[in-house]
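Coordinate inspection notes
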Amino acid sequence: MSIAPLIKRLVVPVGPERAFELFTAEIGAWWPLATHSVGHAKATDVKLEGAVGGRIVEYGEDGPLGYWGTISDWDPPKSLSFTWHPGTDPKQAGSIKVSFIPLDDGTEVELIHTGWERRPDGEEARTAYDTGWVYTLDRYLDYTSQPA
């Protein structure tokens, strides 16, 4: 059974290079770790290792708390793709592609999350992520809107 991709789009008020940098290199500054992480209150940071094969790693005070995914495509400042399995079996990982499309007054960021059918709770997970990505990407938008 195929489950429809989850697609989210937003416009951020910075160019593609800066939008890409803020999404990747500064993910720990805007990601809502207290609510959207493996360790919740124990989570202190998340880092995205910027290269194909790099990992997305959640950290606590004593080191890694969880591995969220692995970078499968790295094409700055146009796009990146990665597997996605925070707190779940990597064999059930979804796939995410984030594209950064230049606009006259900023950048359209498009996130496509697929692979729901690999999870036993695919439909339920997609429903939860539908609101989860809105909340998380709103945090990213707020972060991109702050003065440099």
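To be clear, the structure that these remarks concern was listed above.
Rules and cut-offs
- Residues numbered from 1 in each chain as written.
- Predicted model: local features only at pLDDT ≥ 70, side-chain atom pairs only at ≥ 80, totals over all residues.
- Heavy atoms only, no water.
- Helix = DSSP H or I, 4+ residues; strand = E, 2+ residues; numbered from the N terminus.
- Buried < 20%, exposed > 50% of the residue type's maximum accessible area, 1.4 Å probe, protein only.
- Contact = heavy atoms within 4.5 Å.
- Polar contact = N/O pair within 3.5 Å; in protein donor to acceptor, adjacent residues only side chain to side chain.
- Core = buried A, V, L, I, M, F, W, Y, C linked by side-chain atoms within 4.5 Å.
- Phe/Tyr/Trp six-rings, centres within 6.5 Å; stacked < 30°, edge-to-face > 60°.

Focus: the side chain of Ser-79
Tracing the chain through its elements places Ser-79 in strand β5 (residues 79-84). By relative accessible area, Ser-79 is classed as buried at 8%. Sequence-distant contacts of Ser-79, defined by excluding residues within four places in its chain, comprise Phe-20, Asp-73, Trp-74, Lys-97, Val-98, Ser-99 and Phe-100.

What to know about the side chain of Glu-110
Topologically, Glu-110 is positioned in strand β7 (residues 106-114). Residue Glu-110 is classed as buried on the basis of its relative accessible area, which comes to 15%. Here Arg-9 takes part through its side chain, which lies 2.8 Å from a polar atom of the side chain of Glu-110. Sequence-distant contacts of Glu-110, defined by excluding residues within four places in its chain, comprise Ile-7, Lys-8, Arg-9, Lys-97, Val-98, Ser-99 and Ile-101.

Some thoughts on the nonpolar core
With 34 residues, the main nonpolar core has Trp-31, Leu-80, Trp-84, Val-98, Phe-100, Trp-133 and Tyr-140 as its most contacted residues. Counting residues per element, this core draws most heavily on helix α3 (residues 122-144), which supplies 6 residues. Excluding residues that lie within four positions of it along the chain, Trp-31 makes contacts with His-36, Val-46, Trp-68, Trp-84, Trp-133, Thr-136 and Arg-139.

A few points about the packing of aromatic side chains
Across all of its chains, the model carries 15 aromatic pairs by this definition. Both rings, one in Trp-31 and one in Trp-84, keep their centres 5.9 Å apart while their planes meet at 55°; by these two values the pair is tilted. Note that Trp-31 is positioned in the loop between α2 (27-30) and β2 (43-48) and Trp-84 in strand β5, a separation of 53 residues in sequence. Given a relative accessible area of 6%, Trp-31 falls into the buried group. For Trp-84, a relative accessible area of 6% translates into the label buried.

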